[in-house]
Amino acid sequence: MGFFDKLKKGLGKTKTSFDEKINNVFSNFKKVDEEFLEELEEALIMSDIGVDTSIKIIENLRKKIKKENIKDDEEVKEALRNEMKIMLDEIDNSLHLETKPSVILVVGVNGVGKTTSIGKVANRLKKDGKKVVVAAADTFRAAAVEQLEIWSKRSGAEIVKRKEGSDPASVVYDAIKKTKEIDADVLIVDTAGRLHNKQYLMDELRKIKKVIDKEMQEYSQEILLVIDGTTGQNAISQVKAFKQETDVTGLILTKLDGTAKGGVVIGIVQENKIPVKFIGVGEQIDDMEIFNSEDFVRAII
Ligand SMILES: Nc1nc2c(ncn2[C@@H]2O[C@H](COP(=O)(O)OP(=O)(O)O)[C@@H](O)[C@H]2O)c(=O)[nH]1
Ligand SMILES: [Mg+2]
């Protein structure tokens, strides 16, 4: 199954899926009028896109319908896809790893897929001929270090670790040193599932950031927030919480092969001006893709 099929299958899975709400509006389609546009707006809001973004999409759609005298439902669908694509393309979603070395700090709450995504990203970078180091700065549980170790073996990345309970910022310090020593291209830092109401975990994140800022000041830095695509509205509060603490440069949206609520992505990107850089579509090492807005809107509508 190709990436597009996996994505489509995942996004179409739930009964309350994006797909279904929008398609319901289109299956009751009679003509393009205010009533139809209102129904469509409601369906967008219910699909986790967010109120402001939904209103904006419909506003733009209304203008386009008028300007191009659109009457046909298929044409409306295509115009709707296009409006969503425009919003997703507003922000540059390329990965900025211009310097050698560069660093990717990976953050997010527990279980969203940080460690798995790191394995997948490391693997992609290795395939591109890059030398990769991963830092096991989730020192909270021994299992977390072991899990990253498995992924580092799979992807062929070097791992820097300390024993369970060590200071995460110190692990990052060691890892930066190692990265420079072996002349690696990219350092990827795994972190603990810092619940945003646990202040000490956020403090820990700040300490890690401080080490990176100090030791890798002149190098490219990405801070990728991992979001579980199945969590819908909850994802929005996670983005808000992490944005407050650190300069998130991009999102990794995982589990889009599961019962995903993909609509939330459009609202998050539009309202936070944070791009999606990768999407996870499974548990295997190759189940990650660079985010493509065209594929994405075609999969959800
Ligand atoms: N189906 C699916 N499962 C995923 C994906 N990414 C991660 N997972 C699973 O989610 C669970 C938690 O992942 P993990 O990387 O340990 O999350 P972390 O706590 O954020 O580091 C694991 O069982 C992973 O296999 C994905 O894209 N699709
Ligand atoms: Mg982890």
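Residues numbered from 1 in each chain as written. Chains lettered and ligands numbered in written order. Predicted model: local features only at pLDDT ≥ 70, side-chain atom pairs only at ≥ 80, totals over all residues. Heavy atoms only, no water.

1. Section: the packing of aromatic side chains
Then step 1. In total, this model carries 3 aromatic pairs according to the counting rule given.
Then step 2. Each ring, one from F26 and one from F36, has its centre 5.6 Å from the other, and the planes form 70°; the classification is edge-to-face. In this pair, F26 is assigned in helix α2 (residues 18-27) and F36 in helix α3 (residues 34-46), connecting sequence segments 10 residues apart.
Then step 3. Between F29 and F36, the aromatic rings sit 5.0 Å apart at their centres with planes inclined by 85°, giving edge-to-face as the arrangement. Of the two residues, F29 and F36, both sit in the buried class. (Phe/Tyr/Trp six-rings, centres within 6.5 Å; stacked < 30°, edge-to-face > 60°. Helix = DSSP H or I, 4+ residues; strand = E, 2+ residues; numbered from the N terminus. Buried < 20%, exposed > 50% of the residue type's maximum accessible area, 1.4 Å probe, protein only.)

2. Re helix α4 (residues 51-67)
Then step 1. With 17 residues, α4 extends 24 Å from end C-alpha to end C-alpha; this agrees with the ideal 24 Å at 1.5 Å per step.
Then step 2. Along α4, the residues classified as buried are T53, S54, I57, I58, L61 and I65. Projection of α4 onto a plane perpendicular to its axis shows the buried side chains occupying an angular sector of 130°, all on one side. Along α4, the residues that are exposed and aim more than 90 degrees away from the buried face are D52, K63, K66 and K67.
Then step 3. Structurally, α4 contributes buried residues whose contacts are with α3, α5 (73-89) and α11 (264-272).
Then step 4. N69 occupies a position one or two residues after α4 and carries a positive phi of about 50°. (Expected span 1.5 Å × (residues − 1). Arc of directions from axis to C-beta. Contact = heavy atoms within 4.5 Å.)

3. Description of a nonpolar patch on the surface
Then step 1. Residues I45, V51 and I55 make up a contiguous nonpolar surface patch of about 210 Å² in total accessible area.
Then step 2. Inspection of the secondary structure assignment puts I45 in helix α3. (Patch = residues over 30% accessible without salt bridge, like charges linked within 9 Å, V, L, I, M, F, W, Y side chains within 5 Å. Areas by Shrake-Rupley, 256 points an atom, 1.4 Å probe, with all protein chains shown as cover. Salt bridge = Lys/Arg side-chain N within 4 Å of Asp/Glu carboxyl O.)

4. Quick look at the site of ligand 1
Then step 1. The environment of ligand 1 is made up of 16 residues, and the closest members are G111, K114, T116, D257 and E283.
Then step 2. Separating an oxygen atom of ligand 1 from a backbone N or O atom of G111 is a distance of 2.8 Å.
Then step 3. In the environment of ligand 1, an oxygen atom lies 3.2 Å from a nitrogen or oxygen atom belonging to the backbone of G282.
Then step 4. If ligand 1 stood free it would expose 590 Å²; the protein chains cover 79% of that surface.
Then step 5. Residue contributions to the shell around ligand 1 peak at 4 residues, all from helix α6 (residues 114-127). (Near = heavy atom within 4 Å. Polar contact = N/O pair within 3.5 Å; in protein donor to acceptor, adjacent residues only side chain to side chain.)

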